[in-house]
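Structural description and commentary
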Amino acid sequence: MQAAMDRLGSFISRRRRFVLGAWIVLLVVSLPFFAMQTKHLTAGGFEVPGSQSTFVADSIKQFPGVESEKLVFVFNNKAQDKAALDAAITKAVDGTKGVDGVAVVDQNVQAARAASDQPIVLMALKVTGSADTTADAAAEIRKNAGILDGGDAAVPIHLVGQQALWAGMQDLSKKDLESAEFIGFPIVFIVLLLIFGSVAAALLPLSLGFVAVAVTGAVVFFLSQALQMSIFVTNIASMLGIGVAVDYSLFVLSRYREEIRRGASEDEARQTAMRTSGLAVAFSGVTVIIALAGLFLINSKTMHSMAIGAIVVVAIAILAAVTLLPALIKTLGHRAYEPGKVIGKVVAKLSRPPREGVDPFWTRWTNRLMDRPVLYATAATVLMLVIAIPALSLKWGTGATAQLPSNFETAQGIQLAAQAAGPGAGGPVQVVADFGDKRVDSAQVDQFAAAIQKLPGVAQDGVAKPVVSRDGHLVLLEVTSANPPESDQTFALVQTIRGAGGPSSALTGATVNVGGAAAQDHDFTDLISGSLWKVALFVMIFSYLVLLVLMRSVILPLKAVVMNLLSVGAAYGVLVVVFQYGWIDSLINFDHLGYVNSLTPPLILAIVFGLSMDYEVFLLSRIKERYNETGDNRAAVAGGLSDSAKTISSAAIIMVLVFLIFAAAGLPQVKEIGVGLAVAIFLDATVVRLILVPSTMELMGKWNWWLPKSLDRILPDVDFESSGPKAPPAEPTEPALAAR
């Protein structure tokens, strides 16, 4: 593998201008499509194959005159100005022209114009498309009708309905992404300046981050033409892309500068950096991709699209780190490692030089840990478990209403519509009874409808007249809840209707399926929560196998998997405290949701496992390099940690900052992911890498490197951090504690 990296490095050195030119062309071509990456993204994708809600949604087309989705214009006619209302209605109608999946009903338009004496006027559209088509239609109507810009109009226009909610989130998501990237890049640049003391060196990782995000945006644009891609793809790809691209380039550049300080020439330093840290970047990046691939085990279009976006940006970051970065390093020459005249002096003053005769900080830190490994390992483990305890009460949820700011126009439209038509009118519960080969029994259906009307949580006269399908075998009842569609009370109503002992007992020989917004939200939540174990098992097994090959050890990969689980558990615990319990609402000026969004836990699991393996690979590879040279476990751990701790800590700081920037600017869904990843990476880079890893490695002694002879014969030797001669370690013959 090192030979392959040597050949790649040699090619880049000889064809530097070609490599730079290829990347410049790729970037220039990508930028226009990067700017349009959100054009074809969808706010839908939350259907659950095989669920009752999906069956109902698919069946709606069989009922004449019934729509599976609702879209309603809401006009805030507070001044009761007829001319202004007429102008607003005309503007709204014009906004629907050319939009697929919706149609204007003349009767509804006339009724809206006639209601000029009402403070709130509703005008329903005829929806002819599916949920996903309706979400896309809502996004297009909002743009065409200028709804986002109409807050100061005489009669503000709002568009409501379950899919309009997701369309509103799409607009907010775009703004959040622009804000996060605008703030994030300068902050990362400042941190890199403090790390390298050079503008040129600081710009290298930042350039790779920009390139990775821009090219990924173009790829997302083209993929969205053929695949259903979620609106959250751009946030995830940008958040993860900036972090991993900067981290990967930081690892390679740090090793390059380290070799320069040891006296190597520029070419020698670049070659060593490529064959060691460059190869480590490639393997750790592949580990991240494998972990993200576990998300495909969840049968959800939304989750699949987010996994695709994350995988693409990581793959581009790897490619840029092993091709573009070395070409840029060679182009910059001495400017890539020499501190700047001004910045270098500032950084030198901030840095505390080691005192003569005193061991470096990381050496002293490691020795302190390894003198009392049981104490530190126990304390660190207990700390992680305590932070993770709240995760035991994790409550899953899905919804859009609670994620919208109260001053956002869609949220205001929902409030107005609830005042005019009732809180549950925007998303009725849809009940389809399937009589199979028999004709619908009208008498039974009437009893069924009467039983539903008596249920708690049903609005007065909330059960609409039954509608029989064209073939006469299905019947539809639309039930209006007395509560908002996404409320716990409405879902309790769904569960009651679905229950075996509920109103469905009035129907004999018929199968009852319950759909609508509330049912779909909770079917989606059940799908994600019920699939998390599959993702966890996948990432644990493949993470173990990758580390088994890289480290050629049975024990170290197992320990790494357990420690990663601690990081994930701690992240879940913090998410519950912040977003479910709301313990720090007053500190961060946030109203907690009362649950953790169902998309968050699997994403946190896959991404944290992947990113944690980055740090695990870089730390253990340096330790393994020392162990191969000396055969001394304690010296190897101390030396490896000293070699890598500063770089890992710097990379983690940047990663945490990027995640927190997105958390500060994002919707609750993005906030959760940002906070969860920031917490996990922070704890992983501090408690796990700096305490648990060295202390437990001291406890295990030479057993850290134990590998059965049968595996030793078949596993490849991927010794990518050993740039010098390799001394084979002795076989462990004593228990771990005795090995000290």
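Just so it is clear, the structure is predicted and the values come from calculations on it, not from any experiment.

This paragraph deals with unusual backbone geometry. In this structure, glutamine 80 takes a positive phi of about 50° despite not being glycine. Note that glutamine 80 resides in the loop between β1 (72–76) and α4 (82–95). Here glutamine 80 falls in the partly exposed class, since its relative accessible area comes to 41%. Backbone geometry places aspartate 461, a non-glycine residue, at a positive phi of 55°. Inspection of the secondary structure assignment puts aspartate 461 in strand β8 (residues 458–463).

As a further point, take a nonpolar patch on the surface. A contiguous nonpolar patch, built from Trp533, Leu537, Ile541, Phe542 and Leu545 and spanning about 490 Å² of accessible area, is present on the exposed surface. Relative to the assigned elements, isoleucine 541 resides in helix α18 (residues 517–551). What makes isoleucine 541 partly exposed here is its relative accessible area of 42%.

Turning next to the confidence of the model for the chain. The share of residues in the chain with pLDDT of 70 or more is 93%, and the mean pLDDT across the chain is 84. Note that residues 721–740 has pLDDT below 50 and, in this model, 46 contacts with residues that lie over four places away or in other chains.

Turning next to the sheet that holds strand β3 (residues 120–124). Strand-to-strand pairing in sheets goes through backbone hydrogen bonds, with the strands running parallel or antiparallel. Ordered by their spatial adjacency, 3 strands build an open sheet running β3-β1-β5, and the pairing between neighbours is antiparallel. Strands with a single pairing partner mark the edges of an open sheet, and in this sheet they are β3 and β5 (157–160). The average angle at which neighbouring strand axes cross in this sheet is 25°, direction not considered. Bridge count between β1 and β5: 4 bridges; the pairing is antiparallel. Bridge pairing in β5 links phenylalanine 75 to isoleucine 157.

Each value, and the rule that gives it
- Residues numbered from 1 in each chain as written.
- Predicted model: local features only at pLDDT ≥ 70, side-chain atom pairs only at ≥ 80, totals over all residues.
- Heavy atoms only, no water.
- Helix = DSSP H or I, 4+ residues; strand = E, 2+ residues; numbered from the N terminus.
- Buried < 20%, exposed > 50% of the residue type's maximum accessible area, 1.4 Å probe, protein only.
- Patch = residues over 30% accessible without salt bridge, like charges linked within 9 Å, V, L, I, M, F, W, Y side chains within 5 Å.
- Areas by Shrake-Rupley, 256 points an atom, 1.4 Å probe, with all protein chains shown as cover.
- Salt bridge = Lys/Arg side-chain N within 4 Å of Asp/Glu carboxyl O.
- pLDDT = per-residue confidence, 0-100.
- Contact = heavy atoms within 4.5 Å.
- Pairing = 2+ DSSP bridges.
- Axes fitted to C-alpha atoms, helices over the stretch in contact; angles between N-to-C directions.

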